[in-house]
Every structure is written in C-alpha cells, then in structure tokens.
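Examining the three-dimensional arrangement
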Amino acid sequence: MKGFVLDENVPARLTFEISLPVISSSHALRRGAGDGDLWAFAREKELVIITKDADFSDRILVSTPPPWIVHLRFGNLRRRNYQGFLAHAWPRIEALLPEHKMIAVYLNRIEAIR
C-alpha cells in the first residue's frame, strides 16, 4: 500500500493528516475515465480507493487481486462534520489496512473484510 486515491464522489480536499500520499482521481486519470480505469490504476500503483460507490464493494468480491477499498457508507454530511468524522475514524481505518481488502465505514461502526 503506497497511498490513497479519492474517487470522484469523495471531496478532493481532506483537512486532516493521512500517513501516505493522497491524490484525487480527477487529477490522476484522464477526463471521462470510468470505475474500471480507477480500479486498474489503483491496483497498478498499489493505492487504496476511497469511495462512496457500492460498485467497488461488489467488484472486490470477484476480482483477484483487488486494490484495497475504503467504502464510505454514510450519507451526505456538512463539510465540517464530514472532515471531523473522518479525522476521528481515520486512525482506526489505517490500522486495519493493509491486512483487510475492504473497510466499510458507517457513522456508528467500521467493518473490515479480509
């Protein structure tokens, strides 16, 4: 695991510290790139995809080896609440990676899948 890539459905700016580099998919991939392009990019570069898109959670079950996925499974929050929630949860999320291929993050819990 060498860093994180933010899917287009995740705000591109994080206001808290993350231990590895973070890039936005809009900066890493060509305009109009799809989920498959992001998947291939993350796998090739050994990046963790941070997404709200359930398609990645479904795809991880049938793809070997998959990239790591952090699936944010909570609704829209105001920016301040979103940043505060993730800042609080992030140490736990990072502790679960890279031994788990997917981390599902809910407002009331974090689930890790090997």
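Here is a short report on the structure shown in this document. (Residues numbered from 1 in each chain as written. Predicted model: local features only at pLDDT ≥ 70, side-chain atom pairs only at ≥ 80, totals over all residues. Heavy atoms only, no water.)

Here we look at unusual backbone geometry
The omega torsion of the bond from Leu97 to Pro98 falls at 0°, within 30 degrees of zero and hence cis. Relative to the assigned elements, Pro98 resides in the loop between helix 4 (79–96) and strand 5 (102–105). The phi dihedral of Glu46 falls on the positive side, at around 60°, and the residue is not glycine. Take Glu46: it is sitting in the loop between helix 2 (35–45) and strand 3 (47–51). Look at Glu46 and you get partly exposed, because its relative accessible area is 35%. (Helix = DSSP H or I, 4+ residues; strand = E, 2+ residues; numbered from the N terminus. Buried < 20%, exposed > 50% of the residue type's maximum accessible area, 1.4 Å probe, protein only.)

Considerations on the environment of Trp39
In this fold, Trp39 is placed in helix 2. Taking the C-alpha atoms as reference points, Trp39 and Ile69, 30 residues apart in sequence, are found 9.7 Å from one another. If sequence neighbours within four positions are ignored, Trp39 has contacts with Ile49, Phe56, Arg59, Ile60, Ser63, Pro66, Pro67 and Ile69. (Contact = heavy atoms within 4.5 Å.)

Here we look at the side chain of His100
Tracing the sequence through the fold places His100 in the loop between helix 4 and strand 5. In terms of polar contacts, His100 uses its side chain to reach the backbone carbonyl oxygen of Leu96, at 2.8 Å. Discounting chain neighbours no more than four positions away, the residues touching His100 are Trp68, Ala112, Ile113 and Arg114. (Polar contact = N/O pair within 3.5 Å; in protein donor to acceptor, adjacent residues only side chain to side chain.)

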